[in-house]
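Coordinates in review
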Amino acid sequence: QVQLVESGGGLVQAGGSLRLSCAASIRTFGTYTMGWFRQAPGKEREFVAAINWNGGVTNYADSVTGRFAISRDNAKNTGYLQMNALKPEDTAVYYCATDYRRPWEAATTTTEYTYWGQGTQVTITS
């Protein structure tokens, strides 16, 4: 069973930055694809960013392109989401997810991920 633990969320002012981390419980994390999603109150969970197994392929939602950066350190079994120029509309619970089925892809839909973390709250004030 794969466990993912997110950390790094918090309360920041608009224009600020946060760095989320996602620690995986498996040593084979480096063979999995990884993604970040978010869910605001009353809204569906939406794609934010994804990275393939070796970091060679990344995808971003249009709303975060140029502001967020996804990365991973396979030696540490950890993924990251650097978030800059934060806006109030970025407020949500952020979830990391991972999957083994198509590691060469940076998958962008929830159905392509098997394992999910519990989420970390990100709140941006104006």
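Above this text you will find the structure in question.
Quick summary incoming for the structure in this document. Nothing here was measured: the structure is a model prediction, and the numbers come from that model.

1. Examining the overall build of the chain
Secondary structure assignment for the chain yields zero helices and eleven strands. If you list the helices and strands of the chain from N to C, you get β-β-β-β-β-β-β-β-β-β-β. Against the compact-globule benchmark of 14 Å for 126 residues, the chain has a radius of gyration of 13 Å, which places it among compact chains. Overall size of the chain, expressed as C-alpha extent along the three principal axes, is 40 × 25 × 25 Å.

2. Points about the sheet that holds strand β7 (residues 68-73)
Strand order in the open sheet formed by four strands is β1-β3-β8-β7, with antiparallel pairing between adjacent strands. Strands at the two margins of the open sheet, each flanked by one partner only, are β1 (4-7) and β7. This sheet shows a mean twist of 15° between the axes of neighbouring strands, independent of strand direction. Note: β1 against strand β3 (residues 18-24), four bridges, orientation antiparallel. Each bridged residue has a counterpart across the sheet, and for V5 the counterpart in β3 is A23.

3. Quick notes on the packing of aromatic side chains
Note on aromatic pairs: each is described by the distance of the centres and the angle between the planes. Per the counting criterion, the structure on display carries six aromatic pairs. Between Y100 and Y115, the ring centres sit 6.5 Å apart and the planes meet at 45°, which makes this aromatic pair tilted. Here Y100 is found in the loop between β9 (92-99) and β10 (115-116), whereas its partner Y115 is found in strand β10, with 15 residues between them in sequence. The class for Y100 is partly exposed, based on a relative accessible area of 44%. The buried category is assigned to Y115, whose relative accessible area is 17%. The interplanar angle of 70° and the centroid separation of 6.2 Å between the aromatic rings of Y113 and W116 together place this pair among those described as edge-to-face. Stacked on the ring of Y95, the Lys or Arg R45 has its end atom at 3.7 Å from the ring centre. For the cation-ring pair, R45 lies above W116, with the distance from its terminal atom to the ring centre recorded as 5.0 Å.

4. So, the state of the cysteines
With the rule as written, the count across this model stands at one disulfide. The disulfide that involves C22 links it to C96, with 2.1 Å between the sulfurs. The sign of the S-S torsion, about 60°, decides the handedness of the disulfide formed by C22 and C96: right-handed. Placement of the pair is C22 in strand β3 and C96 in strand β9, with a sequence separation of 74 residues.

5. Overview of unusual backbone geometry
The backbone of N77 sits at a positive phi, close to 55°, despite the residue not being glycine. Relative accessible area serves as the criterion here: at 14%, N77 is assigned to the buried category. Phi at A85 takes a positive value of approximately 50°, unusual for a residue other than glycine. Within the secondary structure layout, A85 lies in the loop between β8 (78-83) and β9. The partly exposed category is assigned to A85, whose relative accessible area is 37%.

About the cut-offs
Residues numbered from 1 in each chain as written. Predicted model: local features only at pLDDT ≥ 70, side-chain atom pairs only at ≥ 80, totals over all residues. Heavy atoms only, no water. Helix = DSSP H or I, 4+ residues; strand = E, 2+ residues; numbered from the N terminus. Rg over C-alpha atoms; globule rule 2.2 N^0.38 Å. Pairing = 2+ DSSP bridges. Axes fitted to C-alpha atoms, helices over the stretch in contact; angles between N-to-C directions. Phe/Tyr/Trp six-rings, centres within 6.5 Å; stacked < 30°, edge-to-face > 60°. Buried < 20%, exposed > 50% of the residue type's maximum accessible area, 1.4 Å probe, protein only. Lys NZ or Arg CZ within 6 Å of the ring centre and 35° of its normal. Disulfide = S-S within 2.5 Å.

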